[in-house]
Amino acid sequence: MKAEVRGLARDLTCEFAKLFFLDERRGWAISNAGTKDAGFLVARTQDGGATWESWVVLPGEDPREGSICFTDENHGALLTGGKFFYSADGGKTWTGATGQAPGKPKIQFADTKVGWAMHYRNMSYTIDGGQHWLSREIAFPAMVEAFTIVRPDSGYAVGAHGMVYRYRVVP
């Protein structure tokens, strides 16, 4: 990949750490930027992965500790090192969001506003497209291993010993 790192154009090896596709053509990936504390690459494809456009973002952050998700062509959320960020320009720039999450949870969105990130018994959620995140611990009988959010008011969490929980927002 070609990318600018600290003002200099560089050829970097492509080592994607995380990947997210919005549909069969549009996708994003995050990768190491190649030098210590340089940040990491965000790469975007609009042709199903045949070609990628990349740029360096978030100096000092580590993509292996992250998760990336987009709700449409422009709006995305990113978690790295326990800190949330959001983008409104397709991932070119990222703004710090309020809230933190322990561990390395994956981010999922049900729609353009409601998203979750879960790690063991800690659930972080947003209702404004990733600009603000709140966290709470849920007293599951086992650690959450995976989750999915199917609608803004409903999702599922699974864990050890056959644990399956449905989460619903009840008015």
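Computed from a predicted model, the values in this text were never measured in an experiment. (Residues numbered from 1 in each chain as written. Predicted model: local features only at pLDDT ≥ 70, side-chain atom pairs only at ≥ 80, totals over all residues. Heavy atoms only, no water.)

What follows covers the pattern of salt bridges. On inspection of all chains with the given rule, the structure shows five salt bridges. Between R44 and E53 there is a salt bridge; the shortest N-O distance is 3.0 Å. Residue classification places E53 among the partly exposed residues on the basis of a relative accessible area of 34%. (Salt bridge = Lys/Arg side-chain N within 4 Å of Asp/Glu carboxyl O. Buried < 20%, exposed > 50% of the residue type's maximum accessible area, 1.4 Å probe, protein only.)

Quick look at the packing of aromatic side chains now. For the coordinates displayed, the defined rule picks out nine aromatic pairs. Aromatic pair F70 and W94: ring centres 5.9 Å apart, planes at 75°, arrangement edge-to-face. With F70 in strand β7 (residues 66-70) and W94 in the loop between β9 (83-87) and β10 (95-100), the pair connects residues that are 24 residues apart, well separated along the chain. As far as the burial class goes, F70 and W94 line up, both buried. Relative to Y165, the ring of F140 lies with its centre 5.2 Å away and its plane at 65°, an arrangement referred to as edge-to-face. On the criterion of sequence distance, the pair formed by F140 in the loop between β14 (134-137) and β15 (144-151) and Y165 in strand β17 (residues 163-168) is long-range, its members being 25 residues apart. A residue is classified by how much of its surface remains accessible, and Y165, at 37% relative accessible area, is partly exposed. One aromatic cluster in this structure is built from F16, F21 and W52. Directly above the ring of W55 sits K92, whose terminal nitrogen or CZ lies 4.1 Å from the centroid. (Phe/Tyr/Trp six-rings, centres within 6.5 Å; stacked < 30°, edge-to-face > 60°. Helix = DSSP H or I, 4+ residues; strand = E, 2+ residues; numbered from the N terminus. Lys NZ or Arg CZ within 6 Å of the ring centre and 35° of its normal.)

Let us look at the environment of I68. Turning to its location among the elements, I68 is positioned in strand β7. Residue classification places I68 among the buried positions, given a relative accessible area of 5%. Along the sequence, I68 and Y86 sit 18 residues apart, while their C-alpha atoms lie 9.6 Å from each other. Other than its neighbours up to four places away in sequence, I68 contacts F20, W28, I30, A77, L78 and W94. (Contact = heavy atoms within 4.5 Å.)

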